[in-house]
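Now for the letters of each chain:
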Amino acid sequence: MSNFTNLQHYILPSDLLITMLDAYKQIGMTKVYLESIESVTNVLEEKAQEEDCFYLSKILELDITEARKNLIISKNSNPRNYNEEVLYNIKNVLTVIKNESKTYKLNASELLSYMNQIFGKFKYNYTNKTINTVINKQIKKQSIRMMINECFDEYDQQIALKKYESIILSNILYFDIINLEPFNGRNDFAGLLSLYYLLLQNKIEIFKYVSFFKYIYQNYDKFIEASKTGSLNYSEGFVESSNLSRLIFSIIIDAYNELSKENKKWTYKNNGFKSDNVESSIYKMPEFFSKEDVRRANPNVSDATINRILNRMRDEQIIMPLGTGRSAKWRKNPDIDIPLSKLLGD
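Residues numbered from 1 in each chain as written. Predicted model: local features only at pLDDT ≥ 70, side-chain atom pairs only at ≥ 80, totals over all residues. Heavy atoms only, no water.

**Q** What is the right way to read the nonpolar core from this model?
**A** In summary, soluble globular proteins display a tendency toward joint burial of nonpolar side chains. Core analysis: the largest hydrophobic core is formed by 87 residues, its most contacted members being Phe207, Phe212, Ile248 and Ile252. Not counting residues up to four positions away in its chain, the partners in contact with Phe212 are Asp52, Leu192, Leu195, Tyr196, Leu199, Phe207 and Ile248. Of all hydrophobic cores here, the second largest spans 14 residues; its members include Ile282, Met285, Leu310 and Met313. (Core = buried A, V, L, I, M, F, W, Y, C linked by side-chain atoms within 4.5 Å. Buried < 20%, exposed > 50% of the residue type's maximum accessible area, 1.4 Å probe, protein only. Contact = heavy atoms within 4.5 Å.)

Rendered as structure tokens:
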């Protein structure tokens, strides 16, 4: 059995190719986005983590009140029962995954460890399973534990070969997990958790700053349907991963659109802060000053921003121009009362 080997017979649908290319255009902008919001990346990471925990609690249908969810997720409140303990553990495991995915490849034993940390008392499924392989026309009956380890090994080999797109490969490993059922329960959740890890492992960094599980929850019916239709012929050695791939690439695009909005919001706020700082510096100038004086007081502000503020303050008759050109001076209107907040720089 090898759904990875079967990829050599897979024809990528044209609409999926277009969606994939659109997603990678966005992925290529990651560095630009992160440089723009460098000062608030910690805020975005914390928000994404909290949303991931919240929506996983909904996916798992944990019986916890909204108030208690908020306390556990945001305030690290100690859990009072099993459901709350699961949520508390999810938060810790997601933190571990974000750190470990930078360096370590995921394997079945590590995935089982995460499941134990979250739910407790999970173990391997040691039964045998029969799988038909369409391509080689073979029938295999072997230990599920051995099968899942082989799937992880072959996934790593295919990633190293760089012959196939990494997200499509990750989706195929997801199908292996949910169909082989390597653990004694909650294999669907194990598959979903592995998908999150593999996206981070393959440098889809958007999901450090935007909640992955929020978009899974918002598209949960589509996600379940794609999982079911893709698994229909799994026992015959064939996975149809196109629908899941469409969904994951679409989610990536939506996540980047969200980050773009955050970028615009924080850029706007940052520009507002800069404008306030320039205006405050002008209020603190001597009665006569030049544009160069303003520039020296605000080295990180563009000339365009300085010109805009000078012109606005001129229109408001707070300052008056004296002359033209580079040597022109400005004079503060002595009849204008200076707001205390501007003198303090708030």
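Still more ground to cover, so stick around.
**Q** Just checking my understanding: could you explain the packing of aromatic side chains for this structure?
**A** What characterises a pair of aromatic rings is the spacing of the ring centres plus the angle enclosed by the ring planes. Per the stated rule, a full pass over the model turns up 16 aromatic pairs. Both rings, one in Tyr24 and one in Phe249, keep their centres 6.4 Å apart while their planes meet at 50 degrees; by these two values the pair is tilted. Separated by 225 residues along the polypeptide, Tyr24 in helix 1 (residues 14–27) and Phe249 in helix 13 (residues 242–283) bring together distant segments of the chain. Judged by its relative accessible area of 0%, Phe249 falls in the buried class. Ring pairing ties together the aromatic residues Tyr174, Phe175, Tyr220 and Phe223, which thus form one cluster. (Phe/Tyr/Trp six-rings, centres within 6.5 Å; stacked < 30°, edge-to-face > 60°. Helix = DSSP H or I, 4+ residues; strand = E, 2+ residues; numbered from the N terminus.)

**Q** I'm lost on the environment of Ile319 in this one. Help?
**A** Turning to its location among the elements, Ile319 is positioned in strand 4 (residues 319–322). Separated by 13 residues in sequence, Ile319 and Lys332 have C-alpha atoms that sit 4.4 Å apart. With sequence-adjacent residues up to four places away left out, Ile319 is seen in contact with Ile282, Phe289, Leu310, Met313, Arg314, Trp330, Arg331, Lys332 and Asn333.

**Q** Help me understand the environment of Asp15, please; the structure alone is not making it clear to me.
**A** With respect to the helices and strands, Asp15 occurs in helix 1. With relative accessibility at 36%, the residue Asp15 sits in the partly exposed group. Spatially, the C-alpha atom of Asp15 lies 8.5 Å from that of Arg246, the residues being 231 residues apart in sequence. Polar contacts involving the side chain of Asp15 include one to the side chain of Arg246, which spans 2.7 Å. (Polar contact = N/O pair within 3.5 Å; in protein donor to acceptor, adjacent residues only side chain to side chain.)

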